[in-house]
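# Coordinate inspection notes
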Amino acid sequence: MLQPEDVGQRVVVRRIVGIRAGRPCFSDALGELAELSESHLTLVTAQGRLSVPRSEIHRARRVPPSRRPAAAAVAALEHAADAAWPAPTRAQLGDWLLRSADGWTGRANSALPVGDPDRPLPAAIDAVQHWYADLGQPALINTPLPLAAPISAELDARGWRGGPPVLVQTAPLAALLAALPPARPDLADAPPVELTAAPSTDWLAVAANRKGDLPAAARQVLTAVPQIRFAQVRVAGRLVAVGRGTVTGAGRWLGLSLIEVAPEARRRGLARQVVRALADWGTAVGATNAFLQVEQGNAEAVPLYRALGFTTHHTYRTRTAPAG
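The structure reproduced in this document is the subject of the present report. Please read all numbers here as calculations on a predicted model, not as lab measurements.

Procedures and definitions
Residues numbered from 1 in each chain as written. Predicted model: local features only at pLDDT ≥ 70, side-chain atom pairs only at ≥ 80, totals over all residues. Heavy atoms only, no water. 1 Å grid on protein atoms, 1.4 Å probe; cavity = no way out; pocket = protein on both sides within 12 Å on 5 of 7 lines; lining within 4 Å. Points joined across faces, edges and corners; volume = space filled by probe spheres on them. Helix = DSSP H or I, 4+ residues; strand = E, 2+ residues; numbered from the N terminus. Nonpolar A, V, L, I, M, F, W, Y, C, P; charged D, E, K, R; others polar. Buried < 20%, exposed > 50% of the residue type's maximum accessible area, 1.4 Å probe, protein only. Contact = heavy atoms within 4.5 Å. Phe/Tyr/Trp six-rings, centres within 6.5 Å; stacked < 30°, edge-to-face > 60°. Arc of directions from axis to C-beta.

### Thoughts on the layout of surface pockets
In this structure, the largest pocket occupies an estimated 1000 Å³ of space. Lining the largest pocket are 34 residues; nearest its centre among them are Arg210, Ile259, Asn298, Ala301 and Tyr305. Within the residue set of the lining of the largest pocket, elements represented by two or more residues are helix H5 (201–211), strand E14 (253–261), helix H7 (270–284), strand E15 (289–295), helix H8 (301–307) and strand E16 (311–320). In terms of residues, the lining of the largest pocket owes the most to one element, E14, which gives six residues. Here the residues of the lining of the largest pocket are counted per class, giving 16 nonpolar, eight polar and 10 charged.

### Structural notes on the side chain of Ser100
By the element assignment, Ser100 lies in strand E7 (residues 96–100). A relative accessible area of 3% means that Ser100 is categorised as buried. Setting aside residues up to four positions removed in sequence, Ser100 forms contacts with Ala87, Pro88, Thr89, Ala108, Asn109, Trp131, Leu135 and Gln137.

### A short note on the packing of aromatic side chains
Overall, the coordinates contain five aromatic pairs when judged by the stated rule. Their ring planes at 90° and their centres at 4.8 Å tell us that Trp131 and Tyr132 sit as a pair that is edge-to-face. As far as burial versus exposure is concerned, Trp131 and Tyr132 are alike and both buried. Summarising the aromatic geometry, the rings of Trp253 and Phe291 are spaced 6.1 Å apart at their centres and angled 80° between planes, so their arrangement reads as edge-to-face. Pair noted here: Trp253 is in strand E14 and Phe291 is in strand E15, with a separation of 38 residues, a long-range link.

### Focus: empty space enclosed by the protein
Evaluation of the coordinates by the stated rule reveals three cavities of 30 Å³ or more. Within this model, the largest cavity holds a volume of roughly 90 Å³. It is helix H1 (residues 71–84) that contributes the most residues to the lining of the largest cavity, three residues altogether. Taken together, the residues of the lining of the largest cavity break down into four nonpolar, two polar and four charged. Every residue lining the second largest cavity is listed: Ala81, Ala84, Trp85, Arg107, Arg244, Thr246, Gly255, Leu256, Ser257, Phe291, Leu292 and Gln293. Only H1, strand E13 (238–248), E14 and E15 provide two or more residues apiece to the lining of the second largest cavity. Among the residues forming the lining of the second largest cavity, the class breakdown is six nonpolar, four polar and two charged.

### Structural notes on helix H3 (residues 149–158)
Those residues of H3 not exposed but buried are Ile151, Ser152 and Leu155. Taken around the axis of H3, the buried residues stretch over an arc of 100°, which confines them to a single face. Exposed side of H3, more than 90 degrees from the buried face: Pro150 and Ala157 are the residues found there. Packing partners of the buried residues in H3 comprise E7, helix H2 (121–134), strand E8 (140–145) and E16. In the segment just after H3, Gly159 is the residue with positive phi, at about 85°.

In C-alpha cells:
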C-alpha cells in the first residue's frame, strides 16, 4: 500500500468498480498521487482528478516515471529556480542551501537539500533545525522528488508535515512560442503587455494580495535578479494582468512566476499574452527553455500550462518541522 512519501509520485491504483457473477470487477488508474488520507487517495490523471475511497482499493503501488530526469538535471534546475527567487539571508551546509526572507513564501524560507551536506543525514537535518531556530523561524525543507526521496523518508520518520505537491514544469521556448498567440497590440480588444525592469506600485500590490504583505526581504526576492522583467496589462488605466520573468541558470532558463489576471478580465487570453511577452523577452536575451512552479491542485493554472506544452520535470514538497 502507498505511504505518505509517495505523494507527488507516479502510481497505479487497482480499484473495485463492481461485482459480476459474484466476483469483483477491477479498473486501473494511473497518475500522480496528490493526496493520501485515512479515508481516500486522490490521483491527478490524464483525464483529471480522481478520488478513490480506500475501501475500493484492491492494490496500489508506485511505478517508475515515464521519463525520469537525471539527478544532475534536477539539481541544475533547482539552482536556477533558487537564483530566480533569491532569499536575502543565506548559508551553506556542505552543498545544501539554507535560505530566509523574513518568512515571506516557503521557497525563500526553506533549505534546499541538493548535493552533499558534508555530514550524516540525521546530523544535517538537526543543523537545519538549529539554523532556523536561531532566526526564530520554523524549519522548512524543500524536497525535490524523487531526488530527495531518502531525505523525505527521514523527515517522515521525524514527523515533519508535508505541504501540497508542487509541479516543476518545463517547456522549450521555441515550442512555447509556437503554442502562444502572437502579440497583437493593433487590436482594440488586445491591450498591450508592458515590460519593465522594476515593478510598479500597483504590480507590487497584486503580489502582496497573492502572497501576503511585502517586507523588505520580499522586495529583494522579487527584484534582486540581474535579468528580470515585470509584465503588466492595463485597461482604462487599471492593472488587470501581471507576470514576472527571470533568466537564470547560466542564461538558459526563463522562469515564469506570479502570472495573475483580475477576475473580471479573465477568459480574454491575457495570461497567454503575458506569457508570450515574457517568452519573447527571454528568447531575445538568449534563454532556450522556460520553467515554472505550480501547485498540483491548482485547477485553473495546471490545464493552461499543459495546453501551452509544459510538462512536469519533477515535483517537490515543502516539509515543516513539528512544533517543539
